Amino acid sequence: MLDMLKAEARKAVKLLERHEFVRIYTHYDPDGISAGAIMALALLRLGKRFQLRFLRGLNDPVEYDSDDLIILEDMGSGYPDVVSEIDADVIIIDHHYPVGRIEPKKELVHVNPHLAGLDGTFELSASGTAYVVANVLGDNRDLIGLAIVGMLGDKQKLVGGNAEIVREGVENGYVELKRGLNLHSGKVREVLMLSVEPYLDFYGKEDELDEFLAKAKVDGDKDVDELSEEETHRLADAIVLKLMKQGAYVGVIEEFIGRKFVLKRELVKNAVTLTDIVNACGRLSACSIGFAVCVRDEGYLEKAMEIWRKYRIDLLEELRRRREEVREGECIRFIVMENAPATGPVATVFSRYLYADRPFVAVNVKNGRAKVSARSNDSIGVDLAEVMRKAAEKVGGRGGGHRVAAGANIDPDKVDEFIREVDRLCCMQLGG
Ligand SMILES: [Mn+2]
């Protein structure tokens, strides 16, 4: 299944061998940071010199000397015009849908599951793709835990390329797949109180949480990982009921009671917890701390945990405030915010856990630009990548992404017009 991708990975390795110095540019989210960590460790093990930088996207400038090799991770496939301008050898390790045509100034190797018979939206992430490249470079099979971080961070499925590399990781003893609840590790009360995925709406509602635990007959002071099988079942049932009442997407319920990945080689063994920590570091402009945890530098773990806690509390506060500002269109729900600290997480949580029946669009006006995050799910028949691209184009902006998670950058004066166009396009796709 990964044969075509491996063939492309071999070309990447050939190109790598011709260079003394590599500049890696990667995305600041968990998939990008873990993909960066995979390539960094693989190069470090070969004694290859490199520099690594985190970018919000290819709208940020990429600096280089023409002798350098540029590696773009978790970005590049969607920006043929930007890549065509780079006057250096380039390796793209990405899983976003390739658009347009890249006309490289020098040599280009494009490693992307979409170009190798896989659907990169859910069958292999950038970090999974980096894992494949790294394992052509050398024996880097122990880095599978980082590929799982990218897979979980990008909400991918355990099918296709993901299934293949995870199976390999289990066989090699680097990963354990357990049945269990997809919750963070720690005291039940604290875990549920601060839970963002799944969003349980207990933050600031201690009485409600106590009542919930009493009803489920679960001791809140116990550790999640130490609950008996029966307690785990009762907790699972109670949470599922709560999610259904809230209006959550059924897919999140399947994810929640699915399986648990134990990452034997990572500093944080609970895969969803590691992913969340890395995500928090990226979101709070501390990519290098998330990266340090990914490359297993214990000295940064405590700082990372602090960042993680702060991130969740800030986000839960934000969600509580923003809930009242959600508005309805014909076929979408949307929210327009000013100077909000985060756009994507708000859209993700609202669309997955509270308003799963329609596409959700969050706009954030900040620093003279309007940043848009749109979210949907498989039970809604809408392609948000197309909607974002078309609607953004109409107002002179730029948009794209994945079918169920997309975004755009537009002029703040065009927000109303943009929302109307998004609503119209969604209605059209829904056959309205
Ligand atoms: Mn990604």
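Procedures and definitions
- Residues numbered from 1 in each chain as written.
- Predicted model: local features only at pLDDT ≥ 70, side-chain atom pairs only at ≥ 80, totals over all residues.
- Helix = DSSP H or I, 4+ residues; strand = E, 2+ residues; numbered from the N terminus.
- Rg over C-alpha atoms; globule rule 2.2 N^0.38 Å.
- Buried ≥ 20, exposed ≤ 12 C-beta atoms within 10 Å, placed from the backbone.
- Contact = placed C-beta atoms within 7 Å.
- Axes fitted to C-alpha atoms, helices over the stretch in contact; angles between N-to-C directions.
- Parallel < 35°, antiparallel > 145°, perpendicular 65-115°, else oblique.
- Left-handed = near helix turned anticlockwise from the far one by under 90°.
- Nonpolar A, V, L, I, M, F, W, Y, C, P; charged D, E, K, R; others polar.
- Core = buried A, V, L, I, M, F, W, Y, C linked by C-beta atoms within 7 Å.
- Pairing = 2+ DSSP bridges.
- Right-handed = clockwise from strand over helix to strand, strands pointing away.
- Domains from an automatic or database assignment.
- Expected span 1.5 Å × (residues − 1).
- Arc of directions from axis to C-beta.

Caption draft 1: Expanded view of the overall build of the protein chain. Helices and strands together make up the secondary structure of the protein chain, namely 16 helices and 13 strands. On C-alpha atoms alone, the protein chain measures out to a radius of gyration of 21 Å, which is about the 22 Å that the 2.2 N^0.38 rule sets for 432 residues. With the C-alpha coordinates of the protein chain rotated into their principal frame, the extents come out at 65 × 50 × 35 Å. Taken over 432 residues, the protein chain has a buried fraction of 50%. Restricting to contacts in the protein chain with at least 6 residues of sequence separation, those with at least 24 account for 61%.

Caption draft 2: Highlighting the packing of helix α2 (residues 30-46) against helix α5 (residues 144-153). Here α2 crosses α5 at 165°, and the two axes come no closer than 8 Å. Comparing their axes, α5 and α2 come out roughly antiparallel. Between α2 and α5 lies a crossing of left-handed hand. Residues Pro 30, Asp 31, Ser 34, Ala 35, Ala 37 and Ile 38 of α2 lie in contact with α5, whose contacting residues are Leu 146, Ala 147, Val 149, Gly 150 and Gly 153. Taken together, the residues that form the contact of α2 with α5 break down as 7 nonpolar, 3 polar and 1 charged.

Caption draft 3: Local environment of the nonpolar core. Counting 139 residues, the largest nonpolar core has Ile 38, Met 39, Val 133, Ile 148, Val 361 and Met 388 as its most contacted members. Setting aside chain neighbours within four positions, we find Ile 38 in contact with Ser 127, Ala 130, Tyr 131, Ala 134, Leu 143, Leu 146 and Ala 147.

Caption draft 4: Region of interest: the sheet that holds strand β1 (residues 21-27). If you walk across this open sheet you meet the 5 strands as β2-β1-β3-β4-β5, and the pairing is parallel. Each edge of the open sheet carries a strand with a single partner, namely β2 (49-55) and β5 (108-111). Across this sheet, the average inter-strand angle for adjacent strands is 15°, counted without regard to direction. By the bridge criterion, 5 bridges tie β1 to strand β3 (residues 69-73) in an arrangement that is parallel. Note on β3: the bridge partner recorded for Tyr 25 is Leu 72. In this fold α2 packs onto β1, β2, β3 and β4 (89-93), with an angle of close to 160° to the strand it touches most, β1.

Caption draft 5: Fine view of the pairing of β2. Covered by surrounding structure in β2 are Phe 50, Leu 52 and Phe 54 only, the residues Arg 49, Gln 51, Arg 53 and Leu 55 on the alternate face being uncovered. Taken together, the 7 bridges between β1 and β2 define a ladder with parallel strand orientation. Residue Phe 21 lies in a different strand from β2, and its bridge partner there is Arg 49. Viewed along the sheet, the connection from β1 through α2 into β2 turns out right-handed.

Caption draft 6: Seen up close, the domain arrangement of the protein chain. In terms of domain boundaries, the protein chain breaks down into domain 1 (3-173), domain 2 (188-319) and domain 3 (326-429). Using only C-alpha atoms to locate each centre, domain 2 and domain 3 end up separated by 26 Å. Contact with domain 2, which involves 15 residues of that partner, is made by 14 residues of domain 3. Among the elements of the structure, α9 (229-246), α10 (250-257) and α13 (301-322) are those that each provide at least two residues to the side of domain 2 that touches domain 3. Among the elements that take part in the side of domain 2 that touches domain 3, α13 stands out by supplying 4 residues, more than any other. Residue composition of the side of domain 2 that touches domain 3, grouped by class: 9 nonpolar, 3 polar and 3 charged.

Caption draft 7: Molecular detail of the sheet that holds strand β8 (residues 327-328). Strand order in the open sheet made by the 6 strands is β8-β9-β10-β11-β13-β12, with mixed pairing throughout. In this open sheet, the two strands that pair with only one neighbour each are β8 and β12 (398-401). Sheet topology note: the β12/strand β13 (residues 405-410) ladder contains 4 bridges and is antiparallel. Residue pairing for β13: Gly 399 is matched across the bridge by Ala 408.

Caption draft 8: Seen up close, helix α1 (residues 3-17). Here α1 spans 21 Å end to end across 15 residues, near enough to the 21 Å set by a 1.5 Å rise per residue. Here α1 has its buried residues at Leu 5, Glu 8, Ala 9, Ala 12 and Leu 16. Seen along its axis, α1 keeps its buried residues to an arc of 105°; they face one direction. Exposed positions of α1 whose direction lies more than 90 degrees from the buried face are Asp 3, Ala 7, Lys 14 and Glu 17.

Caption draft 9: Broad picture of unusual backbone geometry. For the peptide bond that leads from Glu 197 to Pro 198, omega is 0°, which places it in the cis range. Examined against the element boundaries, Pro 198 turns out to sit in the loop between α7 (188-193) and α8 (206-216). Unusually for a residue other than glycine, Asp 74 sits at a positive phi of about 60°. On the basis of neighbour counts, which here come to 32 C-beta atoms within 10 Å, the residue Asp 74 falls in the buried class. Even without being glycine, Lys 217 reaches a positive phi, approximately 55°. By the element assignment, Lys 217 lies in the loop between α8 and α9.

Caption draft 10: Fine view of helix α11 (residues 271-283). Under the 1.5 Å per step criterion, the end-to-end length of α11 is 18 Å for 13 residues, consistent within 8% with the ideal 18 Å. Among the 13 residues of α11, 12 are classified as buried, and the element is accordingly described as predominantly covered. All of the buried residues in α11 are Ala 271, Val 272, Leu 274, Thr 275, Asp 276, Ile 277, Val 278, Asn 279, Ala 280, Cys 281, Gly 282 and Arg 283. Taken from the residues just after α11, Ser 285 is the one with a positive phi, measuring 55°.

Caption draft 11: Structural view of the packing of α11 against helix α12 (residues 287-294). Running from N to C, α11 and α12 point in directions that differ by 155°, and their axes come no closer than 6 Å. In terms of orientation, α11 lies roughly antiparallel with respect to α12. Contacts between α11 and α12 pair Ile 277, Val 278, Cys 281 and Gly 282 from the former with Cys 287, Ile 289, Gly 290, Val 293 and Cys 294 from the latter. Taken together, the residues that form the contact of α11 with α12 break down as 7 nonpolar, 2 polar and no charged.

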